[in-house]
Amino acid sequence: MTLSKLPATALAALIVVSAALVPGTAHTVEFRLDGMYRFRANLFDTLSLERERDDTEGVRAYLDQRLRLTPHLRVGSNVHVYLDLDVMDGLRFGAQPEVLQAIGQVQDSGLAFDEPVALSGSVVPGSDYRESLFVRRAWTELYTPYVDVKLGRMGSHWGMGLLANDGNCDTCDYGDTVDRIMVSTSRLDPVRLSLAADTRAEGFINKDDDTHSFLLTGGYMGEVHRLGGYVRWTRQPSNKFNVVHGDLWGKTKLGPLSLELEALILWGKAESTEIGVDDFKLLAGGGAFDATLSMTPIEVNVQVGLASGDSDATDNAWHTFRFDRDHDVALLMFEHPMPVYGQGDAADETNANIDASQVVTEEGVSNAFYLRPAFHFDIRDNLRVGVCVVAAWPVVKEAFSGSPTAYGAEIDLDATWRLYGTFELGGRAGFFFPGPVYGEDPDFTFGAELRALVRF
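Residues numbered from 1 in each chain as written. Predicted model: local features only at pLDDT ≥ 70, side-chain atom pairs only at ≥ 80, totals over all residues. Heavy atoms only, no water.

Undergrad: Would you mind showing me how to read the packing of aromatic side chains here?
TA: This model, assessed by the stated rule, comprises 16 aromatic pairs. Ring centres of Phe214 and Trp233 lie 5.7 Å apart, and the angle between their planes is 40 degrees; this geometry places the pair in the tilted category. Of this pair, Phe214 sits in strand β8 (residues 211–221) while Trp233 sits in strand β9 (residues 226–236); the two residues are 19 residues apart in sequence, bridging distant segments of the chain. Their ring planes at 85 degrees and their centres at 5.1 Å tell us that Phe280 and Trp318 sit as a pair that is edge-to-face. (Phe/Tyr/Trp six-rings, centres within 6.5 Å; stacked < 30°, edge-to-face > 60°. Helix = DSSP H or I, 4+ residues; strand = E, 2+ residues; numbered from the N terminus.)

Undergrad: Help me out: how do you make sense of the layout of surface pockets in this one?
TA: Any empty space left between the atoms is revealed when a probe the size of a water molecule rolls over them. When its volume is computed, the second largest pocket comes out at roughly 1,000 Å³. Lining the second largest pocket are 42 residues; nearest its centre among them are Lys150, Gly155, Ser156, His157 and Asp166. Of the residues that constitute the lining of the second largest pocket, the class distribution is 14 nonpolar, twelve polar and 16 charged. (1 Å grid on protein atoms, 1.4 Å probe; cavity = no way out; pocket = protein on both sides within 12 Å on 5 of 7 lines; lining within 4 Å. Points joined across faces, edges and corners; volume = space filled by probe spheres on them. Nonpolar A, V, L, I, M, F, W, Y, C, P; charged D, E, K, R; others polar.)

Undergrad: Hey, could you run me through the side chain of Ser308 in this one?
TA: Relative to the helices and strands, Ser308 is located in the loop between β13 (298–307) and β14 (317–318). Of the residues examined, Ser308 reaches a relative accessible area of 17% and is grouped as buried. A polar atom in the side chain of Ser308 sits 2.7 Å from the backbone oxygen of His319. The contacts of Ser308, once residues within four sequence positions are left out, are Ala284, Gly285, His319, Thr320, Phe321 and Asn367. (Buried < 20%, exposed > 50% of the residue type's maximum accessible area, 1.4 Å probe, protein only. Polar contact = N/O pair within 3.5 Å; in protein donor to acceptor, adjacent residues only side chain to side chain. Contact = heavy atoms within 4.5 Å.)

Undergrad: In this structure, what is going on with the state of the cysteines? I would like to understand it.
TA: Chemically, a disulfide is nothing more than a covalent bond linking the sulfur atoms of two cysteines. By the definition in use, this model includes one disulfide. Here Cys169 is linked by a disulfide to Cys172, with a sulfur-sulfur distance of 1.9 Å. Its S-S torsion of about 105 degrees marks the bond between Cys169 and Cys172 as right-handed, since a negative value means left-handed. The exposure class assigned to Cys169 is partly exposed, which follows from its relative accessible area of 33%. The class of Cys172 is buried, set by a relative accessible area of 2%. (Disulfide = S-S within 2.5 Å.)

Undergrad: Is there a simple way to think about the environment of Asp345 in this case?
TA: Mapping Asp345 onto the fold places it in the loop between β14 and β15 (368–380). Between the C-alpha atom of Asp345 and that of Ala356, which follows or precedes it by eleven residues, the distance is 9.6 Å.

Undergrad: Explain the nonpolar core to me, please; I cannot follow it from the model alone.
TA: Nonpolar side chains in soluble globular proteins tend to be buried together. Core analysis: the largest hydrophobic core is formed by 48 residues, its most contacted members being Phe321, Phe334, Val365 and Tyr407. It is strand β12 (residues 280–295) that provides the largest number of residues to this core, a total of four residues. Residues Val75, Val79, Val81 and Leu142 belong to the second largest nonpolar core, which totals six residues. (Core = buried A, V, L, I, M, F, W, Y, C linked by side-chain atoms within 4.5 Å.)

Undergrad: Would you mind showing me how to read the pattern of salt bridges here?
TA: Close approach of charged atoms allows side chains of opposite charge to pair. Within the structure shown, the criterion is met by 28 salt bridges. Between Arg32 and Asp34 there is a salt bridge, and its shortest N-O distance comes to 3.0 Å. Owing to a relative accessible area of 52%, Arg32 belongs among the exposed residues under this scheme. Classification of Asp34 as partly exposed rests on a relative accessible area of 24%. Among the salt bridges present, the one from Arg40 reaches Asp64, with a minimum N-O distance of 3.3 Å. (Salt bridge = Lys/Arg side-chain N within 4 Å of Asp/Glu carboxyl O.)

Undergrad: Can you walk me through the side chain of Asp89 in this structure?
TA: Turning to its location among the elements, Asp89 is positioned in strand β3 (residues 79–92). Of note is the side chain of Asp89, whose polar atom sits 2.5 Å from the side chain of Arg66.

Undergrad: Explain the confidence of the model for the protein here, please?
TA: Keep in mind that low pLDDT regions are not for reading the predicted coordinates in detail. Averaged over all residues, the pLDDT of the protein is 86; the fraction at 70 or higher stands at 86%. In this model residues 1–24 is a low-confidence stretch, pLDDT under 50, and it forms 34 contacts with partners more than four residues away in sequence or in other chains. With pLDDT under 50 throughout, residues 99–115 is counted as low confidence; its partners more than four residues away or in other chains account for 42 contacts. (pLDDT = per-residue confidence, 0-100.)

Here is the structure:
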């Protein structure tokens, strides 16, 4: 890929900014291209969880793909410019990119201004597109003897990715993107402190209606032990909207044992909101703990998580927290909206003939306590197989009709085969046994995914 193929406007703007940060001495520009290509074959059987209904969705089978390119320009020894480009991101085979309205926030989603950049400015895989080639992110980084500076549109990530998740993993579909200015210490390592300002929603340039976030992160970030905090204050003066996110994260490795913990809380209020909720109040939180014991060829993992819920999703006090959509715990549970139907009033060409008006659970863990033990075995150096069991229960049973006691359980089987160092073949099969949250006697369902992945 040559420089002439890159988006000229974004590239030129970043080079101008970078040039302004360094002395006027000519420097050699080094170019590097990283990225990945992902192909997936997907099959899901009856996400309606009712096979006898006339409008049941039935079997959903499709192919999709993603080509992600991350060009890296090194301008001199201290200035770097990065781009993230998505080509046909999540596009189904036989489909065409299309432009749709961004999905607005609704009260029962549990998201209170929690998308760093509005969905109309980023990408919902498979649906929300401007074109086949999408400029996802563009930013520059400046390294000095005293501080490091980042400017532009970049990924946002912290800890286990429960609250801020950049979506850069091989199986991720979304990713949090922010327009940010960040200054970080560079001489206190392994202690690291960062201060950042984000523009989350730009309104009229001559009115006080913008939404901004101010972020302070830091802690001890050693190679073996890490412990830090994340505090984000988001405000919109025009409606006196304020929300504070507080997050503690720690990770350590003790021989073959790895431990990781993240706990967070959200608190906020506003006189009014753009989604029509007045005298808005927010208090929610959650967390997760992960323990992994690796003794080749065996790996045992246990993860538990908790996300708060709300008994009344229609009032002005929100208590529901939803994990980031890219923090996946299973192939089906909290990964695909369920139940969905195929011929309801809300099904049309824009949503692939899927009626989601009766969905009980959506993407991302919400109002739930879950337990996920997993076991993996390396048959060969490049061949791994495993099994994972996920069970989940609602934290607030009153959020559902009849106060049900369980979401159900899922068994996932997976296998990964790595070839030539950069090429990977893999597959997963999931068997979901839904609980009473989904109604009386919901039907068993299953899904499968085959993938081919190239990293470069």
